[in-house]
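Notes for the structure review
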Amino acid sequence: MHDEVGLSSRERLALLQIEANLRQDRRFARRMGAVRDRTWLPVSVLLLAGASAFVAVMGIRTSQPALLWCFAVLWPLTLFQAFRLLCRASRPRARSGTRPTPWL
């Protein structure tokens, strides 16, 4: 970032320290909208859906109770994560000029 105001090296160091401290405050970062882990929720939904489908198909084909129980555990988790993803996508965005959904 090139500003027209020149800062001394001591001022730049103090500014970098302040920014580093602010980045460590997760609640402040969430309020400012600078959450970096926006890609984990869609990835987790895709992985859970794939694992649920695989376990369901294998459980039906082999009729093993362990696989059917794994599906019974995975499927509600998948639905919960998908619901969170849909809620995030339908949340109104306050900033103009951003993408329509945070996961696209």
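Residues numbered from 1 in each chain as written. Predicted model: local features only at pLDDT ≥ 70, side-chain atom pairs only at ≥ 80, totals over all residues. Heavy atoms only, no water.

1. Some thoughts on unusual backbone geometry
- The backbone of Ser 63 sits at a positive phi, close to 60°, despite the residue not being glycine.
- Residue Ser 63 is classed as exposed on the basis of its relative accessible area, which comes to 53%. (Buried < 20%, exposed > 50% of the residue type's maximum accessible area, 1.4 Å probe, protein only.)

2. Focus on the packing of aromatic side chains
- Here the structure, examined in full by the defined rule, presents one aromatic pair.
- Taking 5.9 Å as the distance between ring centres and 20° as the angle between the ring planes, the aromatic pair formed by Phe 71 and Trp 75 counts as stacked. With Phe 71 and Trp 75 both in helix 4 (residues 65-90), this residue pair falls four residues apart, about one helical turn.
- Among the residues examined, Trp 75 registers a relative accessible area of 37% and is labelled partly exposed. (Phe/Tyr/Trp six-rings, centres within 6.5 Å; stacked < 30°, edge-to-face > 60°. Helix = DSSP H or I, 4+ residues; strand = E, 2+ residues; numbered from the N terminus.)

3. A look at helix 3 (residues 40-62)
- Under the 1.5 Å per step criterion, the end-to-end length of helix 3 is 32 Å for 23 residues, consistent within 8% with the ideal 33 Å.
- Taken together, the buried positions of helix 3 are Leu 41, Pro 42, Ser 44, Val 45, Leu 48, Ser 52, Val 55, Ala 56 and Gly 59.
- On its buried face, helix 3 sits against helix 4.
- Positioned one or two residues after helix 3, Ser 63 has a phi angle of 60°, which is positive. (Expected span 1.5 Å × (residues − 1). Contact = heavy atoms within 4.5 Å.)

4. Regarding the environment of Thr 62
- The topology assignment puts Thr 62 in helix 3.
- Looking at Thr 62, the relative accessible area reads 37%, which means it is partly exposed.

5. Description of the packing of helix 3 against helix 4
- At a closest axis distance of 8 Å, the pairing of helix 3 and helix 4 adopts a crossing angle of 155°. Classed by the angle they form, the pair helix 3 and helix 4 counts as roughly antiparallel. Where helix 3 crosses over helix 4, the handedness of that crossing is left-handed.
- Along the lines of polarity and charge, the residues of the contact of helix 3 with helix 4 split into 19 nonpolar, six polar and two charged. (Axes fitted to C-alpha atoms, helices over the stretch in contact; angles between N-to-C directions. Parallel < 35°, antiparallel > 145°, perpendicular 65-115°, else oblique. Left-handed = near helix turned anticlockwise from the far one by under 90°. Nonpolar A, V, L, I, M, F, W, Y, C, P; charged D, E, K, R; others polar.)

6. Remarks on the environment of Val 57
- Mapped onto the elements of the fold, Val 57 is located in helix 3.
- Val 57 gets classed as partly exposed once you look at its relative accessible area, which sits at 47%.
- Put simply, Val 57 and Leu 67 are ten residues apart on the chain and 9.2 Å apart in space, counted from C-alpha to C-alpha.

7. Let's talk about the confidence of the model for the protein
- Across the protein, the average pLDDT comes to 82, with 80% of residues at or above 70.
- Here helix 2 (residues 26-32) stands out as the element of the protein with the lowest mean pLDDT, 73, in contrast to helix 3, whose mean of 94 is the highest. (pLDDT = per-residue confidence, 0-100.)

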